[in-house]
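Analysis of the macromolecular model
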Amino acid sequence: MKLNRFYIIALAGVALTACNEMDKIQPAGSELTQAQLNKVYEALPQRAEATFSGMFSMMAEPYYTFGSQERPDDFGFITMAISNDAEGPDYHYPNSGYNWFSVCGAYTSRNADYANPYIRYATAYNSLKMVNDIIKSYEGREDDDAINHRAQCRAMRAFDYLSIAFAFQYKYVGHENEPCVPIVTEETTEFANNPRATVAEVYKLIIDDLNYAVDNLGLERSGKSRINKTVATGLRARANLAMEKWSDAAADAEAAIKLAAQEGLSAASIEDVSKPAFCDINEKNWIWGYDMTEAIANQAYATASSWISSFSANGYAAAVQVYACINNLLYNKISSSDVRKGWWVDENLHSPLLSKVSWDGVTGDAIATLAIDDIKTVFLPGTNVKFGIPSGVGSIKNDSDFPFMRVEELYLIKAEGQAKSNQEAEARNTLNDFVKTYRDPSYNAAMSPRSLADEIWFQRRIELWGEGFAMSDIMRLGKPVVRFHSGESSWLSEDYQYNIAPDDPVLLMHFCTSETNTNHAIINNPAFTVPQKYQNGGLRDGVTD
């Protein structure tokens, strides 16, 4: 099916009008009674497994929040990942009538009546509701299945809160007693009067849940879309990093790397990432991810393939030139000897990765300039070729999976945890071993002009680009958002060329109107001013200086 340009323009208008439909779903409310749950699960035990499986399949289900195919930006945790990156300094879409994530580029994503922030909040709380219902259904049971499912659910609940907590309050240290987000567990009954918990309270729940998961899960699982001990340990490493428990973060990361190795998982080699990849859950470096089934992939536009891959013949990115692009501020800092330099085309639309694929018989850099009516437009400078598509370049299947955790992230967590717990020599060794072995044979951390902490952040920004970590890193590190330098050329649309100070209230998300209308105890974040073009042009972040 071809992508109709006029249909897209019409849909773009829905980005605002659909916000009026937000009262259809109440993110933090509604629950099944224990009696109802017991009746269901006692009568149909197989339904428990179906509900449990649904917890994972709904994570990036197209059109899940609004239930309407008129929202191609509505696909759960992948929408959250794209939004978090598009609000950051390194990832951007052109500011055109086809960019459904334009609110993130412009920071109007803080408007409580807009659909994008609603999707992000509802995704987490809809997941929390499902998780809590499942946990409640196993109440009083201590058999192996009940313990395993409860442990996976508690790890998922921790992931839900890790996915939103950073967006509603500044970094953990120094703001422990500040309001964050409401806590909803299987014990919650006061949905209409449930105030924001403190940052410390939210993270206590996260750590408690992950401790339970780590203690009660093994390595066995039916597939990498499920959670096991490796995933739970990796999530705890993330949580400890956010809480600045540096030695604990390093220890958990190291433990998760060893567990991953027992599963036969390891970092991707230079050869592995010398072609478009990061699209198949079976890749050896994926620990946890979303497994896009053929049935779900047929939904087309609300998928990772449509928005992140530049190679789909049935998606937004290629058809209307809304390619996911890197900011040249970061791109220009990547060494030419680093294989990751080829994850994006340069200003001449060249990438060595294009020599490994073909589209309709066209191979190499000619793919970048290939144009096919209603299917593919010419690449832009900085267009990513990092993310491939499992069914092949030019496929219409949109069957790309999406990574939630990779082995490479754990090496970078370990290095950061070591660096910030007075183990700088060990941190440099960890960083050197990872980058030299898997990305750039010429790398030497000691030669970096940056501080060790900023060098590790630099490596995270390159390695994890497009996977949803930009703003969580910005917030936990207390860094500014630096998208441009005054007087220098930029690949970003002019309207997105501005910088944001680390204490600017615009960095804090606002609770959507449907939530504040339903939960009367919510006090929203402070008023903000939308960033203005070219503001704070002299601001620097220590990485792209």
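Just so you know, these numbers come straight off a predicted model, no measurement behind them.

1. Comments concerning helix α11 (residues 246-262)
Helix length check: α11, at 17 residues, gives a terminal C-alpha distance of 25 Å against a target of 24 Å (1.5 Å per residue), a fit within 8%. In this structure, the buried side of α11 is in contact with α10 (229-242), β2 (286-290) and α17 (407-419). Following α11 by one or two positions, Gly264 adopts a phi angle in the positive range, close to 85 degrees.

2. Side note on the packing of aromatic side chains
Following the criterion strictly, the structure yields 32 aromatic pairs and no others. Centroid distance Tyr93 to Phe101: 5.9 Å. Interplanar angle 25 degrees. Geometry classified as stacked. Exposure remark for Tyr93: the relative accessible area of 2% places this residue in the buried category. On the basis of relative accessible area, Phe101 is assigned to the buried category, the value being 1%. In textbook terms, an aromatic cluster arises when at least three aromatic residues are bridged by ring pairs, as seen for Tyr91, Tyr93, Phe101, Phe278, Tyr301, Trp307, Tyr316, Trp343, Trp344, Phe387 and Trp465.

3. Some details on the nonpolar core
Ranked by size, the top nonpolar core spans 172 residues in total, and within it Trp288 and Phe379 carry the most contacts. Dropping the residues within four chain positions of it, Phe379 is found in contact with Ser310, Phe311, Gln321, Tyr323, Val345, Leu349, Leu354, Ile367, Ala368 and Val385.

4. Quick word on the pattern of salt bridges
Tallied over the entire structure, the rule returns 36 salt bridges. A salt bridge links Asp252 to Arg236, with the shortest nitrogen-to-oxygen separation between them at 3.0 Å. Here the residue Asp252 occupies a position in helix α11, and Arg236 occupies one in helix α10, the gap between them amounting to 16 residues. Both residues of the pair, Asp252 and Arg236, count as buried.

5. So, the confidence of the model for the protein
Of the residues in the protein, 91% have a pLDDT of 70 or more, and the chain-wide mean is 92. Taken as a whole, residues 1-26 scores under 50 in pLDDT and shows 56 contacts with residues more than four places along the chain or in a different chain.

6. Regarding the side chain of Gln497
Counting through the fold element by element, Gln497 comes out in the loop between α20 (470-477) and α21 (513-518). Contact partners of Gln497, with chain neighbours within four places excluded, come to Phe484, Ser490, Leu492, Gln532, Lys533, Tyr534 and Gln535.

7. Some thoughts on the packing of α10 against α17
It is the contact of α10 with α17, at a shortest axis distance of 11 Å, that shows an interaxial angle of 35 degrees. The crossing of α10 and α17 is left-handed. Contact residues: Gly234, Ala237, Arg238 and Leu241 in α10; Glu409, Leu410, Ile413, Glu416 and Gly417 in α17.

8. Topic: the packing of helix α5 (residues 76-86) against helix α8 (residues 144-168)
It is the contact of α5 with α8, at a shortest axis distance of 12 Å, that shows an interaxial angle of 30 degrees. One element, α5, and the other, α8, form an angle in the roughly parallel class. Along this stretch, α5 crosses α8, giving a crossing that reads as left-handed. Between α5 and α8, the residues in contact are Phe77, Met80 and Asn84 and Phe159, Asp160, Ser163, Ile164 and Phe166, respectively. The class makeup of the residues in the contact of α5 with α8 is five nonpolar, two polar and one charged.

9. A few points about the state of the cysteines
What the rule picks out here adds up to zero disulfides. With no disulfide of its own, Cys180 has Cys512 as its nearest cysteine by sulfur position, at a separation of 15 Å. The class of Cys180 is buried, set by a relative accessible area of 1%.

Conventions and cut-offs
- Residues numbered from 1 in each chain as written.
- Predicted model: local features only at pLDDT ≥ 70, side-chain atom pairs only at ≥ 80, totals over all residues.
- Heavy atoms only, no water.
- Helix = DSSP H or I, 4+ residues; strand = E, 2+ residues; numbered from the N terminus.
- Expected span 1.5 Å × (residues − 1).
- Contact = heavy atoms within 4.5 Å.
- Phe/Tyr/Trp six-rings, centres within 6.5 Å; stacked < 30°, edge-to-face > 60°.
- Buried < 20%, exposed > 50% of the residue type's maximum accessible area, 1.4 Å probe, protein only.
- Core = buried A, V, L, I, M, F, W, Y, C linked by side-chain atoms within 4.5 Å.
- Salt bridge = Lys/Arg side-chain N within 4 Å of Asp/Glu carboxyl O.
- pLDDT = per-residue confidence, 0-100.
- Axes fitted to C-alpha atoms, helices over the stretch in contact; angles between N-to-C directions.
- Left-handed = near helix turned anticlockwise from the far one by under 90°.
- Parallel < 35°, antiparallel > 145°, perpendicular 65-115°, else oblique.
- Nonpolar A, V, L, I, M, F, W, Y, C, P; charged D, E, K, R; others polar.
- Disulfide = S-S within 2.5 Å.

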